[in-house]
Amino acid sequence: MRYSFIFSLLACCFISPVQAQLTVSGTVYDNSKVIYVERVQVISTGGMQAVTDSLGRYTIVANEKDSLYFFYNNKPTQKFPVRNIPNLSKFDISLHIAVESKYNVLKEVIVYSKSYKQDSLENRSSYPGIFGYKKPGLSSTISPGGVAGADLDELINIFRFKRNKRLKSFQRRLEEEEQSKYVDYRFNKISVRRITGLAGGDLDSFMVLYRPSYEFASSSGEVIFNQYVLNASYRFKKTTSYSPAKKEE
């Protein structure tokens, strides 16, 4: 009985430290809280050590009764009790030092992207005479004296056949380009990928095979348009060698 008690006591002495071991990890920054600090020694009062990598990351095993401190340029930080660390997997600290980094940290940059409507308005303001072009016809004008007469410029333009044909062709080309951009705006890869789950070459093929017309894109609401994309993806997957594994590419 006495030997059994002694054996149990020894077993507890050897097992309990292993059970109490915890893994602490995080990142060390300089005083900017942006630049990583590498080669910082992370030391546990229990005797374990670790060193931060090029991204300031470290991982160390410690007992819950231990404390951690960080040692850099022959200067230690205060000690941090492991039991008081709120998140053991993300114990980040900032040292009171400034480190020169080979990377420059930019200030916050906000990028504004134009909407389709903005592009369309800019395009029309750049070519007001083309988008507003109408086939010349007879029209009348009133002189300052109140005398009515024919618009001479319009009369001349009626017989400028090459000019009229060129302007009409240019107008048609600009309108087709605008319509194509509108379809691109609604039928874009980001939204199609989100709805269909397609990716890579499958997504590229689908975008070509099931590109909707401008008439449908401009007249359908969000629900109907998205349902079209979803139904088209079902047909695409049935009629091609589509494999769900390709989604991981």
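Residues numbered from 1 in each chain as written. Predicted model: local features only at pLDDT ≥ 70, side-chain atom pairs only at ≥ 80, totals over all residues. Heavy atoms only, no water.

## Describing the overall build of the chain
Argument step 1. When you go through the chain residue by residue, the secondary structure sums to nine helices and 10 strands.
Argument step 2. Residue burial in the chain is summarised as follows: out of 249 residues, 27% are buried.
Argument step 3. A separation threshold of at least 6 residues defines the contact pool for the chain, and within that pool the share at least 24 residues apart is 55%.
Argument step 4. Total accessible area on the chain stands at roughly 18300 Å², and carbon and sulfur atoms take up 56% of it. (Helix = DSSP H or I, 4+ residues; strand = E, 2+ residues; numbered from the N terminus. Buried < 20%, exposed > 50% of the residue type's maximum accessible area, 1.4 Å probe, protein only. Contact = heavy atoms within 4.5 Å. Areas by Shrake-Rupley, 256 points an atom, 1.4 Å probe, with all protein chains shown as cover.)

## A look at the pattern of salt bridges
Where charged atoms from two side chains of opposite charge come close, those side chains can pair.
Argument step 1. With the rule as written, the count across this model stands at seven salt bridges.
Argument step 2. Between Lys181 and Glu177 there is a salt bridge; the shortest N-O distance is 3.8 Å. Taken together, the residues span about one helical turn, with Lys181 and Glu177 both in helix H5 (residues 161–186) at a distance of four residues.
Argument step 3. Residue Arg186 pairs with Glu222 through a salt bridge whose shortest N-O separation is 3.5 Å. With a gap of 36 residues between them, Arg186 in helix H5 and Glu222 in helix H9 (residues 222–239) connect regions that are remote in the sequence.
Argument step 4. Take Arg186: its relative accessible area is 13%, and that puts it in the buried class. (Salt bridge = Lys/Arg side-chain N within 4 Å of Asp/Glu carboxyl O.)

## What about the sheet that holds strand S4 (residues 57–63)?
Argument step 1. Ordered in space as S4-S1-S8, the three strands form an open sheet in which the pairing is mixed. Every other strand in the sheet has two partners, leaving S4 and strand S8 (93–94) as the edge strands with one partner each.
Argument step 2. For strand S1 (residues 21–29) and S4, the ladder comprises seven bridges, and the chain directions are antiparallel. Counterpart to Val24 in the pairing with S4 is Ile60. (Pairing = 2+ DSSP bridges.)

## Remarks on the pairing of strand S5 (residues 67–72)
Argument step 1. In this structure, strand S2 (residues 41–44) lies alongside S5, joined through four bridges in antiparallel fashion. Within S5, the position partnered with Ile43 by the bridge is Tyr69.
Argument step 2. Of the pairings in the sheet, the one linking S5 to strand S7 (residues 80–81) comprises two bridges and is antiparallel in character. Bridge pairing links Leu68 to Phe80 in S7.
Argument step 3. Bridging between S5 and strand S6 (residues 75–76) involves two bridges; their strand directions are antiparallel. In the sheet register, Phe71 faces S6, and the bridge partner there is Pro76.
Argument step 4. Here S5 hands over to S6 after two residues, with Asn73 in that stretch at a positive phi of 50°.

## Description of the nonpolar core
Argument step 1. Grouped together as the largest cluster of nonpolar side chains are 16 residues, with contacts concentrated most on Val24, Val28, Tyr58, Ile60, Leu68, Phe70 and Phe91.
Argument step 2. Broken down by element, the residue count for this core peaks at three residues, all from S4.
Argument step 3. Not counting the four nearest positions on each side in its chain, Val24 is found in contact with Tyr58, Thr59, Ile60, Leu68, Val82, Ile85, Leu88 and Phe91.
Argument step 4. Counting 15 residues, the second largest nonpolar core, distinct from the first, contains Val183, Tyr210, Ala217 and Phe225. (Core = buried A, V, L, I, M, F, W, Y, C linked by side-chain atoms within 4.5 Å.)

## Let's talk about helix H6 (residues 189–196)
At 3.6 residues per turn, the α-helix brings residues three or four places apart onto the same side.
Argument step 1. Looking at H6, one finds that the buried residues are Ser191, Val192, Ile195 and Thr196. Each buried residue of H6 lies within a common arc of 115° when the element is viewed along its axis, so the set occupies one face. Opposite the packed face of H6, turned more than 90 degrees from it, sit the exposed residues Ile190 and Arg194.
Argument step 2. The N-cap residue of H6 is Asn188: its side-chain oxygen and the backbone nitrogen of Ile190 are 3.2 Å apart. (Arc of directions from axis to C-beta. Polar contact = N/O pair within 3.5 Å; in protein donor to acceptor, adjacent residues only side chain to side chain.)

## Some points on the layout of surface pockets
Argument step 1. Roughly 270 Å³ of internal volume is contained in the second largest pocket.
Argument step 2. Elements supplying a minimum of two residues to the lining of the second largest pocket: S5, S6 and S8.
Argument step 3. Looking at side-chain class alone, the lining of the second largest pocket contains seven nonpolar, five polar and one charged residues. (1 Å grid on protein atoms, 1.4 Å probe; cavity = no way out; pocket = protein on both sides within 12 Å on 5 of 7 lines; lining within 4 Å. Points joined across faces, edges and corners; volume = space filled by probe spheres on them. Nonpolar A, V, L, I, M, F, W, Y, C, P; charged D, E, K, R; others polar.)

## Some points on the packing of aromatic side chains
Argument step 1. All chains considered together, the criterion is met by 14 aromatic pairs.
Argument step 2. Summarising the aromatic geometry, the rings of Tyr210 and Phe236 are spaced 6.4 Å apart at their centres and angled 85° between planes, so their arrangement reads as edge-to-face. Of this pair, Tyr210 sits in the loop between helix H7 (200–209) and helix H8 (214–219) while Phe236 is found in helix H9, placing the two residues 26 residues apart along the sequence. Of the two residues, Tyr210 and Phe236, both sit in the buried class.
Argument step 3. Members of the aromatic cluster, joined through ring pairs, are Tyr58, Phe70, Phe80 and Phe91.
Argument step 4. Over the aromatic face of Phe225 sits the side chain of Arg186, whose NZ or CZ is 4.4 Å from the ring centroid. (Phe/Tyr/Trp six-rings, centres within 6.5 Å; stacked < 30°, edge-to-face > 60°. Lys NZ or Arg CZ within 6 Å of the ring centre and 35° of its normal.)

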